[in-house]
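# Remarks on the overall topology
What follows is each chain in one-letter form.
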Amino acid sequence: DEIENNPSFQIEPISVEIGYGLIPLVDEGKEDNLINHITAIRRQCASELGIIVNPIRIRDNLQLGPNDYIIKIKGNRVANGLIYINKYLALDPGNNDFKVEGIRTTEPAFGIDAIWIDDENKEKAEINGYTIVEPITVFVTHLKEVIKDNSYDLLGRQEVKQLLDGIKDKYNVVVEELIPDILTLGEVQKVLQKLLKEKVPITDLVTILEALADNGTMTKDIEVLTEQVRFALKRTIVMDHLNSEGKLDVITIHPDLEELIGNNIQKTMSGSIPVLKPNAITKIFDSLNKVGNESLIKGMEPIILASPRIRVAFRNLISFNFPNMAVLSINEIPNDIEIEAVGLVENI
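Keep in mind that this is a model prediction, so the values were computed, not measured.

### Re the overall build of the protein chain
Secondary structure summary: the protein chain contains 13 helices and 14 strands in total. Taken over the C-alpha trace, the protein chain has a radius of gyration of 23 Å; the compact-globule value for 348 residues is 20 Å, and the two agree within 12%. Reported as C-alpha extents along the three principal axes, the dimensions of the protein chain are approximately 60 × 55 × 40 Å. Intrachain contacts of the protein chain at a sequence separation of at least 6 include 71% that bridge at least 24 residues. Total accessible area on the protein chain stands at roughly 18400 Å², and carbon and sulfur atoms take up 49% of it. Each charge sign in the protein chain was given a centre, from 36 positive and 54 negative side chains, and these centres are 4 Å apart.

This is how it looks when you write it as structure tokens:
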């Protein structure tokens, strides 16, 4: 059956393996089954990120614990978790004072402290301010976050071709002008991947292609082209980060640090990076940890505001240790958006 379904023996872009205790979740007789949820996730990712998510294979794996699951991207395990299908996950309301009995755990998608509780404790947990989550929702939320975090890796040339074919009828002029005369399909793919890596949706493909057509005749540098596209998408980029009052809370970079980074940028195969002494990098990371945590305690999302000259290099420097910290350039903030500085990154 495996061989017939997959005659080329190629690895699927995304697959899920589940322990035997989770097999009932796949029961197609139930309306609330995993297959329907996964179809919905693929649709959501298409509308939110602008990407095509290929079908996701679910297999049982008897080597896993009964309640375990793993998520693989291109055959490599990227995430794992554990759910109890006859319990509920109660998310800590913030005081970490667990007033109900259960199995302590961490919610897998966002790392929130949580506890698995039995049905009889559900009401007590709700009274105490816990958020109650169904086990299937825990898994589905985790899978969606994994897809979002790895969306750049899932966007191959084939997927880019499908996206372009999808808009060709209406916008054939820009597609035909751009590819292959100005840029190759592979170059367009690399720009789209860079956007997705920084959680920028590629839903406005026409604007992206027009920015590439405008700038691609002058440079083939993927990094520079991506920055030009980000400038064209500035409203889309900023809208995702505004607070409830429509303002942008930002962490700024000390002018001395801006200068230090700007004077030490080197272009490498994997992009621009500031070449700094290890102790300088440690100080920057310590400062980022401090201001990032202060933001999170206040319920704000930590967003770094940098000058256009150092945005890419600074983002590349912090991307491994702070993968979810957005770094925006001053150029990317529309004039009518109010900015409020709530922290400062230093290297002291």
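### Quick word on the sheet that holds strand S8 (residues 131-133)
Pairing is antiparallel in the open sheet, where four strands are placed in the order S6-S7-S5-S8. In this open sheet, the two edge strands, each paired with only one partner strand, are strand S6 (103-106) and S8. Neighbouring strand axes in the sheet, compared pairwise and without regard to direction, differ in orientation by 35° on average. Relative to S8, strand S5 (residues 88-91) runs antiparallel, the two being bridged by three bridges. Residue pairing for S8: Leu89 is matched across the bridge by Val133. Running at roughly 85° to S8, helix H4 (residues 135-149) makes contact with S5, strand S7 (113-117) and S8 of the sheet.

### Observations concerning unusual backbone geometry
Cis geometry marks the peptide bond from Ile179 to Pro180, where omega comes out at 5°. Inspection of the secondary structure assignment puts Pro180 in the loop between helix H6 (157-178) and helix H7 (185-197). Positive phi, normally seen in glycine, also occurs at Lys74, with a value near 50°. The phi torsion at Lys199 lies on the positive side, around 65°, for a residue other than glycine. Its location among the elements puts Lys199 in the loop between H7 and helix H8 (205-215). The partly exposed category is assigned to Lys199, whose relative accessible area is 35%.

### Digging into the pairing of strand S13 (residues 326-329)
By the alternation rule, side chains of S13 split into Ala326 and Leu328 and Val327 and Ser329, which are all buried. By the bridge criterion, four bridges tie strand S12 (residues 303-306) to S13 in an arrangement that is parallel. By the bridge assignment, Leu305 is partnered in S13 with Leu328. After leaving S12, the chain enters helix H13 (residues 311-318) and then returns to the sheet as S13, a path that is right-handed.

### Some details on the sheet that holds strand S9 (residues 248-253)
Strands sit in the order S13-S12-S9-S14 across an open sheet of four strands; the sheet is parallel. Lying at the two open borders of the sheet, with one neighbouring strand each, are S13 and strand S14 (339-345). Each neighbouring strand pair of the sheet contributes to a mean axis angle of 40°, computed without reference to strand direction. Sheet strands touched by helix H11 (residues 255-262): S9, S12 and S14. Its angle to S9, the strand with the most contacts, is close to 65°. With respect to the sheet, H13 is in contact with S9, S12, S13 and S14, its orientation differing from that of S13 by roughly 170°.

### Examining H7
The first and last C-alpha atoms of H7 sit 18 Å apart over 13 residues, in line with the 18 Å expected at 1.5 Å per residue. Taken as a whole, H7 has its buried residues at Gly186, Val188, Gln189, Val191, Leu192, Leu195 and Leu196. Considering only its buried residues, H7 is in contact with helix H2 (34-49), helix H5 (151-154), H6, H8 and helix H9 (222-232). The first or second residue beyond H7 is Lys199, which carries a positive phi of 65°.

### Some points on a negative patch on the surface
On the surface, a cluster of negative charge is made up of Glu177, Asp181, Asp204, Glu210 and Asp214. If you trace the backbone, Asp204 turns up in the loop between H7 and H8. On the basis of relative accessibility, which here comes to 31%, the residue Asp204 falls in the partly exposed class.

Cut-off values and rules
Residues numbered from 1 in each chain as written. Predicted model: local features only at pLDDT ≥ 70, side-chain atom pairs only at ≥ 80, totals over all residues. Heavy atoms only, no water. Helix = DSSP H or I, 4+ residues; strand = E, 2+ residues; numbered from the N terminus. Rg over C-alpha atoms; globule rule 2.2 N^0.38 Å. Contact = heavy atoms within 4.5 Å. Areas by Shrake-Rupley, 256 points an atom, 1.4 Å probe, with all protein chains shown as cover. Lys, Arg positive; Asp, Glu negative; His and termini not counted. Charge placed at Lys NZ, Arg CZ, Asp CG, Glu CD. Pairing = 2+ DSSP bridges. Axes fitted to C-alpha atoms, helices over the stretch in contact; angles between N-to-C directions. Buried < 20%, exposed > 50% of the residue type's maximum accessible area, 1.4 Å probe, protein only. Right-handed = clockwise from strand over helix to strand, strands pointing away. Expected span 1.5 Å × (residues − 1). Patch = residues over 30% accessible without salt bridge, like charges linked within 9 Å, V, L, I, M, F, W, Y side chains within 5 Å. Salt bridge = Lys/Arg side-chain N within 4 Å of Asp/Glu carboxyl O.

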